[in-house]
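Structure assessment
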Amino acid sequence: MGFLDILLGRTKPVAPDLDQLFALPSAAVTLQAAAGFTPTGVGAVCFATVEGAAFEQTHREVQALLDADADRAGPPVELHQDDYGYSWLISRRTPDQLPQLVNDLHAVNSSMEVNGFGPQLLCSLAAFEDERERGLALVYLYKRGTFYPFAPLPGSGQRRDSALELQVKVALANDLRTEQDLSRWFPVWGAPGL
């Protein structure tokens, strides 16, 4: 960081730390004890839509890597484009396979990063629900290296349960590197698993 950056108040961007994803299984235990949410087995990586042969090759590599897992039932990775023009690579596991789901998310992010698609990565998420079937996602912001909870209100269009999100933030303060800037808690409407 240069002198001019200091004078103008610019900061160096936080480098992504994909190993933070490995904190999710222990955070899930805390989340279940504190708020009654359990994993659904759905996780996804969101990125700015990319066209071309290089991305298709990367997608095939990820598919082959995750296909090699004998414990998986069904398709390992599904590619989905949402209403906002973003793409999601979705992994589905059984709810008790959160560590394996985290490995999938890490592998997808790492493969995209290694193949030059790191700047297009936006976030990764793992989906949870409680007995009342309320959805919750723990969202990892790739460019910030932090997590935040996202809790859409069921059946209410595009409204979120801010009180629940703050409750989860407090509960997971010791388990995850939480995004402190609440303005960066972007809604992920229509995210897989929610």
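In case you missed it, the structure is sitting above this.
A brief report on the enclosed structure follows. (Residues numbered from 1 in each chain as written. Predicted model: local features only at pLDDT ≥ 70, side-chain atom pairs only at ≥ 80, totals over all residues. Heavy atoms only, no water.)

1. Observations concerning the state of the cysteines
Across all of its chains, the model carries zero disulfides by this definition. For Cys46, which is in no disulfide, the shortest distance to another cysteine sulfur is to Cys123 and amounts to 4.6 Å. Residue class for Cys46 comes out buried when judged on its relative accessible area of 4%. (Disulfide = S-S within 2.5 Å. Buried < 20%, exposed > 50% of the residue type's maximum accessible area, 1.4 Å probe, protein only.)

2. Focus: the pattern of salt bridges
Summed over the entire model, instances satisfying the criterion amount to eight salt bridges. Between Asp17 and Arg177 there is a salt bridge; the shortest N-O distance is 3.8 Å. Within this pair, whereas Asp17 is found in the loop between α1 (3-8) and α2 (24-35), its partner Arg177 is found in the segment after α5 (162-171), the two being separated by 160 residues in sequence. Arg93 serves as the salt-bridge partner of Asp104, at 2.9 Å between the closest nitrogen and oxygen. (Salt bridge = Lys/Arg side-chain N within 4 Å of Asp/Glu carboxyl O. Helix = DSSP H or I, 4+ residues; strand = E, 2+ residues; numbered from the N terminus.)

3. What about the packing of aromatic side chains?
Tallied over the full model, the rule gives three aromatic pairs. Summarising the aromatic geometry, the rings of Tyr148 and Trp185 are spaced 6.0 Å apart at their centres and angled 20° between planes, so their arrangement reads as stacked. One end of the pair, Tyr148, is in strand β6 (residues 146-150); the other, Trp185, is in the segment after α5, and 37 residues separate them in sequence. No difference in accessibility class separates Tyr148 from Trp185, as the two residues are buried. (Phe/Tyr/Trp six-rings, centres within 6.5 Å; stacked < 30°, edge-to-face > 60°.)

4. Looking at the packing of α2 against α5
At their nearest, the axes of α2 and α5 sit 10 Å apart, and the two run at 125° to each other. With respect to their mutual orientation, α2 and α5 come out oblique. Crossing of α2 against α5: the hand is right-handed. Judged by residue contacts, Thr30, Leu31, Ala34 and Ala35 of α2 engage Gln167, Val168 and Ala171 from α5. Grouping the amino acids of the contact of α2 with α5 by side-chain chemistry returns five nonpolar, two polar and no charged. (Axes fitted to C-alpha atoms, helices over the stretch in contact; angles between N-to-C directions. Parallel < 35°, antiparallel > 145°, perpendicular 65-115°, else oblique. Left-handed = near helix turned anticlockwise from the far one by under 90°. Contact = heavy atoms within 4.5 Å. Nonpolar A, V, L, I, M, F, W, Y, C, P; charged D, E, K, R; others polar.)

5. Some details on the environment of Thr38
With respect to the helices and strands, Thr38 occurs in strand β1 (residues 38-48). Taking the C-alpha atoms as reference points, Thr38 and Asp96, 58 residues apart in sequence, are found 9.0 Å from one another. With sequence-adjacent residues up to four places away left out, Thr38 is seen in contact with Gln32, Ala127, Phe128 and Glu129.

6. Section: the side chain of Ser111
Structurally, the position occupied by Ser111 is in helix α4 (residues 98-117). Every residue in contact with Ser111, bar those within four places of it in the chain, is listed here: Thr58 and Val62.

7. Some points on a nonpolar patch on the surface
Where nonpolar side chains cluster on the molecular surface, the patch consists of Tyr84, Tyr86 and Leu122 and spans about 280 Å² of accessible area. With respect to the element layout, Leu122 can be found in strand β4 (residues 121-129). (Patch = residues over 30% accessible without salt bridge, like charges linked within 9 Å, V, L, I, M, F, W, Y side chains within 5 Å. Areas by Shrake-Rupley, 256 points an atom, 1.4 Å probe, with all protein chains shown as cover.)

8. Details of the sheet that holds β4
The antiparallel open sheet is built from six strands, whose spatial order is β2-β3-β1-β4-β5-β6. The open sheet has two edge strands with one neighbour each: β2 (78-81) and β6. Sheet twist, expressed as the mean angle between neighbouring strand axes with direction ignored, is 25°. Sheet topology note: the strand β5 (residues 135-141)/β6 ladder contains five bridges and is antiparallel. Along β6, the bridge assignment pairs Tyr140 with Phe147. (Pairing = 2+ DSSP bridges.)

9. Re helix α3 (residues 53-67)
With 15 residues, α3 extends 21 Å from end C-alpha to end C-alpha; this agrees with the ideal 21 Å at 1.5 Å per step. Those residues of α3 that sit buried are Phe55, Thr58, His59, Val62, Gln63 and Leu66. Down the axis of α3, the sector holding all buried residues measures 140°, keeping them to one side. Facing away from the buried surface of α3 by more than 90 degrees, the exposed residues are Ala53 and Ala54. Residues of α3 that are buried make contact with β1, β2, β3 (86-92) and α4. (Expected span 1.5 Å × (residues − 1). Arc of directions from axis to C-beta.)

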